[in-house]
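# Overview (structure and organization)
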Amino acid sequence: ETYQAVVKAGHWFAAQPADPHGFCFVGCTVAPGFDFHDLEMGQRESLVAEFPEHSAIIQKLTRQ
């Protein structure tokens, strides 16, 4: 299948395979007007501090 989604500015995204023994490819295509100076990679500690109710999924989808 081909799944596509739009992630608006100011939102985080991550991916994992539906099958725990499977794999997935994730890409990110940006539109004109994108500037790498505006890119922010999520940091586990700050995301957990801001969204403690989502701690389990943040731990699962981020690196230390």
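Predicted model, so just to flag it, every value in this text is computed and none were measured.

The subject of this paragraph is the overall build of the protein. Tallying secondary structure elements over the protein gives two helices and zero strands in all. Taking 2.2 N^0.38 as the reference for a compact globule, 64 residues should give roughly 11 Å; the C-alpha atoms of the protein span a radius of gyration of 14 Å, well beyond that estimate. Expressed as lengths along the three principal axes of its C-alpha atoms, the size of the protein is roughly 35 × 35 × 20 Å. Relative to its full complement of 64 residues, the protein shows a buried share of 8%. One way to put it: in the protein the 4 positive side-chain charges average out to a point 6 Å from where the 8 negative ones average out.

Definitions and limits used
All residue numbers refer to position in the chain's written sequence, counted from 1. In keeping with the predicted nature of the model, local features appear solely for residues at pLDDT of at least 70, side-chain atom pairs appear and are counted solely at 80 or more, and the whole-chain, interface and lining totals rest on all residues. The basis for every side-chain value is the complete set of non-hydrogen atoms in the structure, without hydrogens or water. Each helix corresponds to a stretch of at least 4 residues labelled H or I by DSSP, and each strand to a stretch of at least 2 residues labelled E; elements are numbered beginning at the N terminus. Our radius of gyration looks at C-alpha atoms and nothing else; its globule reference is 2.2 Å times the residue count to the power 0.38. Each residue's exposure class comes from its accessible area (1.4 Å probe, protein chains only) as a fraction of the maximum for that residue type: buried when under 20%, exposed when over 50%, partly exposed otherwise. Charged residues are defined narrowly, with Lys and Arg counted positive, Asp and Glu counted negative, and His plus the chain ends left uncounted. All charge positions are set by atom: Lys at NZ, Arg at CZ, Asp at CG, Glu at CD.

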